[in-house]
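Each chain is listed here by its residues.
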2 protein chains.
Amino acid sequence: MKPSIPQGTRDFSPADVRRRQYILNTIKSVFEVYGFQPLETPSMENLNTLMGKYGEEGDRLIFKILNNGLHEKKDQAKLHEEWDKILSKPYSSTTVTERALRYDLTIPFARYVVMHQNDLAFPFKRYQMQPVWRADRPQRGRYREFWQCDADVVGSNSLLNEAELLCIYQDAFHRLNVPGIQVKINSRKVLAGLAECCGAAEQLTDITVAIDKLDKIGWDGVAKELTERGLEADKVNYIQNYLNISGSTEERLVAMETLLKDSATAQQGIAELRTTLKYMAQLQRGEWTSEVLVDFTLARGLNYYTGVIVEVGTTAVKMGSIGGGGRYDDLTGLFGLKGLSGVGVSFGIDRIYDVMTELNLFPENVDVTTRILFVNIEPEAETTILSYLSRLRGQGISAELYSDAAKFDKQMKYADKRQIPYVGIVGSTELAQKVINLKNMTTGEQQQLSIEQLSEHLV
Amino acid sequence: MKPSIPQGTRDFSPADVRRRQYILNTIKSVFEVYGFQPLETPSMENLNTLMGKYGEEGDRLIFKILNNGLHEKKDQAKLHEEWDKILSKPYSSTTVTERALRYDLTIPFARYVVMHQNDLAFPFKRYQMQPVWRADRPQRGRYREFWQCDADVVGSNSLLNEAELLCIYQDAFHRLNVPGIQVKINSRKVLAGLAECCGAAEQLTDITVAIDKLDKIGWDGVAKELTERGLEADKVNYIQNYLNISGSTEERLVAMETLLKDSATAQQGIAELRTTLKYMAQLQRGEWTSEVLVDFTLARGLNYYTGVIVEVGTTAVKMGSIGGGGRYDDLTGLFGLKGLSGVGVSFGIDRIYDVMTELNLFPENVDVTTRILFVNIEPEAETTILSYLSRLRGQGISAELYSDAAKFDKQMKYADKRQIPYVGIVGSTELAQKVINLKNMTTGEQQQLSIEQLSEHLV
């Protein structure tokens, strides 16, 4: 049997893990400095916690877990009936499956907040970095197991939260050294105002869904879709005027205030964008180079957003968005806790990894762990080398002795393959002189050092 | 609907995550300093990778994932037949389920090594810290989702590896400050020698399984079980002699050399224990206080061990073992790669967490993240405070402004609940004087500082 792994899943080699950890740790340190706290929820949720939260397509893509011990149950006739339910109306039998794998981090977060509402200090600012699972058809860049990395604040209506989360994007991508970052913002209230003003308030979702595709299908495609969704020509024209607004951020804000002057909702949305930008100006640091743009064509797919929305991309690589989020009202209402507003952002770890790989942005030493490998060529030197290891490790220097007395070449090859920067050679001569012959694997240079000199050299 | 999580799973609150991270990061830093590299494998494996590897009981406890899109399949009659297979002979239908959740980290590691055998630098030293899932009946300290934390070396027969892994236990528990640590070692070869010498070589597993229960059921229980498993009285007596050997480590080794003098296997096992101890003596550091003991009553449950075995506990708390491992030959043989020897150890994260909580061993600042909360009481001060936040965060100091202009008491309560050590107050007076009124939340002390003084104070 030739072993393999399920389609759409990945093994992460040591180099992969280190690079991913570099990204996750960098983002984590930013979350922490803004006062966000870590949360982890179980991989499995009760199926009824997840079902109905992600639309019909979502329900279909949730990985359900088969209940255990089915063959030991007495009433096998009942099990056949239950199986019929699974086959006719998908997944309605808790006898067959009552648990499922997490589909995102947002619903488990809402579920957690509701369960722990009496213990939490609100506003509750949490971050969460965990895998999620979706039974999507795997393709390049789309996996069945992938990581989400979210920060959310619930229990505060203040736009300070929006500003901080947007700064978190700027700060994190600055620390990760990703060039060409654009943080685009808009407000669902402006989109709602557009729907109002063009006389199609009840078709907000249709309008949002169509505008969301502008990047992919262009204006002609959007116009076609709007028409198909039943919008008359004058409404479609109105939307075109909306999408055509251009100029600097200030010019666009002013033009939009004029275009949507009849909608109080839109005016509120625009005012919120202004306040968010004002807060950001005060929170930003001079060294950040990313742009923050108001982009009224930004729509975001998810239905639950109600206020400011955001999407992040880079102009440096051809790649979809690498982050997104927004404000949502009443997410916890799904689980019975009404009136709690929240706002959150998400980092697309897999895409950020791809961008950083393509642009070669990982620090040079991200793969280095073991700093020195002692070769194993002189049995008499073993005791001495072990005491060296003990000393170096005590100083936090990662050090190894090749564990078998293999051929010298094989040991050097190992050091090379592992990208170990130094090799220490202690043969009978070095042993007698109490020195280590240190070879720099990059330059080929060799020098003789005492253990004291060596440990100073490597610290 | 009152939300809940599946039985045997846990939410980890911010405080839980930080404490668990403290343990995992400490152990990780030790793995790294000994030259081990991180690996991560998918949560899902193909069901046939896992089935048959953990015994019948294991097969039953593996969480299987229901295939998606079943209700969309055309041949529903076939699906009923397949369901019958699930109900009669458990889990034999890949039409119904072909994936399952990881049950441990060892089999996925073996699978990975076989798949990547041509790319890896051997000996391959990897560590892995990931959750695993078992459909066990949940009880105190036993979960359906729990973390394993393993380090293994494959591709080397050298006892240096055993010595290093045992030192990793000592080093890690030293860094975690856990008192009363005992690292107990034995060899499966000594147990094999015992089985030979008492004339029951083919009953090695029976003997091992019975001896493994000595702690729980005492000698009388073991004797009863050995008898039930078909061992005659003289053999049982021989085993009693074996288990009664006592004295210092050296005395026990000598006594065992004498008792099992007729078994070459046992003699080899004893010699290996001696060599391991010799290597350890050279690798250990003076500050480590843990004991390393040869304990011939140690057996370990798992069948695949073939050489040195180890178990770690603490005398400071009443608790089962908090770590264990040993050498296994040919684990990768399961996937077609023969002749690769390995040795590994595992840390029991959940139990270590419990021990450290019970003994109050977490560092005082493990829960602290946000160092200072500015209260939000003076709208005029907002701009100034945001610039303070920007400055402090730029220096890596975690700082927050309470996001809403809530009552002062509510904001102080938030700081208290979050265990934030300092509160910064900027009212109209402080604003005019360009100072911050800094309150130490532990001592209650207050002082007026400029932002320069404050940032020096908090660094």
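Residues numbered from 1 in each chain as written. Chains lettered and ligands numbered in written order. Predicted model: local features only at pLDDT ≥ 70, side-chain atom pairs only at ≥ 80, totals over all residues. Heavy atoms only, no water.

**Considerations on the interface of chain A and chain B**
Right, on to step 1. Taken together, the contact pairs 112 residues of chain A with 112 residues of chain B.
Right, on to step 2. Sorting the residues of chain A by area buried against chain B places A:Glu40, A:Trp83 and A:Arg393 first, and these three jointly supply 8% of that buried surface.
Right, on to step 3. The interface formed by chain A and chain B holds eight salt bridges in total.
Right, on to step 4. Inspection of the region where chain A meets chain B yields 51 residue pairs in polar contact (both at pLDDT 80 or more).
Right, on to step 5. Here the side of chain A that touches chain B is composed, by residue class, of 50 nonpolar, 36 polar and 26 charged. (Contact = heavy atoms within 4.5 Å. Buried area = accessible area lost by both parts, 1.4 Å probe. Salt bridge = Lys/Arg side-chain N within 4 Å of Asp/Glu carboxyl O. Polar contact = N/O pair within 3.5 Å; in protein donor to acceptor, adjacent residues only side chain to side chain. Nonpolar A, V, L, I, M, F, W, Y, C, P; charged D, E, K, R; others polar.)

**Quick word on the sheet that holds strand S14 (residues 422-425) of chain B**
Residue and element names in this part refer to chain B.
Right, on to step 1. Read across the sheet, five strands follow the order S13-S12-S14-S15-S16 without closing on themselves; strand pairing throughout is mixed. At either margin of the open sheet sits one strand with a lone partner, and together these are strand S13 (399-401) and strand S16 (446-449). Averaged over all adjacent pairs, the angle separating strand axes in this sheet is 25°, with direction ignored.
Right, on to step 2. The pairing of strand S12 (residues 372-374) with S13 spans three bridges and is classified as parallel. By the bridge assignment, Leu373 is partnered in S13 with Glu400. (Pairing = 2+ DSSP bridges. Helix = DSSP H or I, 4+ residues; strand = E, 2+ residues; numbered from the N terminus. Axes fitted to C-alpha atoms, helices over the stretch in contact; angles between N-to-C directions.)

**A look at the confidence of the model for chain A**
Right, on to step 1. Of all residues in chain A, 100% have pLDDT values of 70 or greater, and the mean over the chain is 94.
Right, on to step 2. Two numbers describe this predicted complex: its pTM, 0.94, and its ipTM, 0.93. (pLDDT = per-residue confidence, 0-100.)

**A short note on the relation of the copies chain A and chain B**
Right, on to step 1. Of the two same-sequence chains, chain A is brought onto chain B (RMSD 0.1 Å, axial shift 0.0 Å) by a rotation of 180°. Both copies of the chain, as the preceding transformation shows, are related through a two-fold rotation axis. Within chain A, A:Ile65 has its C-alpha nearest the rotation axis, a separation of 2.2 Å.
Right, on to step 2. Of the residues that chain A buries at the interface, 100% are likewise interface residues in chain B, meaning the two copies contact each other through the same surface. (Least-squares fit on C-alpha atoms with pLDDT ≥ 70 in both.)

**Considering helix H1 (residues 14-33) of chain A**
Right, on to step 1. With 20 residues, H1(A) should cover 28 Å at 1.5 Å per step; its first-to-last C-alpha distance of 28 Å lies within 8% of that length.
Right, on to step 2. Along H1(A), the residues classified as buried are A:Pro14, A:Val17, A:Arg18, A:Arg20, A:Ile23, A:Leu24, A:Thr26, A:Ile27, A:Val30, A:Phe31, A:Glu32 and A:Val33. (Expected span 1.5 Å × (residues − 1). Buried < 20%, exposed > 50% of the residue type's maximum accessible area, 1.4 Å probe, protein only.)

**Section: the side chain of B:Thr106**
Residues and elements named next belong to chain B.
Right, on to step 1. Structurally, Thr106 can be placed in helix H5 (residues 106-115).
Right, on to step 2. Owing to a relative accessible area of 9%, Thr106 belongs among the buried residues under this scheme.
Right, on to step 3. With near-sequence residues (within four places) excluded, Thr106 lies in contact with Asp150, Tyr304 and Leu331.

**Quick look at unusual backbone geometry**
Residue and element names in this part refer to chain A.
Right, on to step 1. Following Phe122, the chain continues to Pro123 via a peptide bond in cis, the omega torsion being -5°.
Right, on to step 2. Relative to the elements of secondary structure, Pro123 occurs in the loop between helix H5 (106-115) and strand S5 (124-133).
Right, on to step 3. At Asn177, a position not held by glycine, the phi torsion is positive, near 70°.
Right, on to step 4. Position of Asn177 relative to the elements: it lies in the loop between helix H6 (159-175) and strand S7 (181-187).
Right, on to step 5. Look at Asn360: it is not a glycine, yet its phi comes out positive at around 60°.

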